[in-house]
Amino acid sequence: MKSNDLQTSVVLVEYNDTYDEHLVNYHLPEEQLQFTSAPLVKINNPIVSNTAKHILILENDVPVGYFALEDGEKLLKYSNNPNARLLTSFSIDFRNQGKGLAKIALQLLREFVRKHLPNTDEIVLGVNKKNTPAHNLYLKTGFVDRNEYYEGPKGPQHILHLKV
């Protein structure tokens, strides 16, 4: 499949429970779970703000990836911008990795946020310093590293910014 074909078959949608049967089988290897959460674990986590948006990355209407856009207290650890959202738990199901889906999803992010979260003017995220592939991917898709760091529970994280 050509990259153009892939781009037209990949969309971002807000989570709803009709996708649960696919998400139950979502797989991430242990070495990736140290940096992220499985979708249903995050979606059902009572500590996550009820105003967080849970976003699925669909390819041909099947969930192949996930991330959350959080606000509230967790965001304040990364940014003092009241109009920002914190991107967390970004992942692509292991069986779908290596196809360029993460890059396409991140390229769709600005437009999705403009449409669904019109008061949001920035996306911020923390990426573990040990997670070089993810750091490079975020930089390639428009995020900016301003040499800011957050000391997370799993070590230091680069704080990256994306203007919406």
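Residues numbered from 1 in each chain as written. Predicted model: local features only at pLDDT ≥ 70, side-chain atom pairs only at ≥ 80, totals over all residues. Heavy atoms only, no water.

Student: Looking at this structure, how should I read the pairing of strand β7 (residues 155-163)?
Tutor: On a regular strand, one side chain projects to one face of the sheet and the next to the other, so that they alternate. Counting buried residues along β7, 7 of its 9 residues qualify, which places the element largely inside the surrounding structure. Judged from the 7 bridges that link them, strand β5 (residues 122-128) and β7 form a sheet pairing that is antiparallel. Along β7, the bridge assignment pairs V127 with H158. Where strand β6 (residues 144-152) and β7 come together, 7 bridges link them in antiparallel fashion. What sits directly across from E151, in β7, is P156. The turn linking β6 back onto β7 is made up of 2 residues. (Buried < 20%, exposed > 50% of the residue type's maximum accessible area, 1.4 Å probe, protein only. Helix = DSSP H or I, 4+ residues; strand = E, 2+ residues; numbered from the N terminus. Pairing = 2+ DSSP bridges.)

Student: Explain helix α7 (residues 132-140) here, please?
Tutor: The complete set of buried residues in α7 reads A134, H135 and Y138. Within α7, the buried residues cover an arc of 100° as seen down the axis, which keeps them to one side. What points out from α7, more than 90 degrees from its buried face, is the exposed set P133 and K140. Where α7 is buried, its residues touch β4 (84-92), α6 (101-116), β5, β6 and β7. (Arc of directions from axis to C-beta. Contact = heavy atoms within 4.5 Å.)

Student: Teacher, can you tell me more about the environment of K154 here?
Tutor: Take K154: it is sitting in the loop between β6 and β7. Note on K154: relative accessible area 46%, which makes it partly exposed. Beyond its immediate sequence surroundings of up to four residues, K154 is in contact with L33, Q34, N128 and K130. Here Q34 takes part through its backbone oxygen, which lies 3.1 Å from a polar atom of the side chain of K154. (Polar contact = N/O pair within 3.5 Å; in protein donor to acceptor, adjacent residues only side chain to side chain.)

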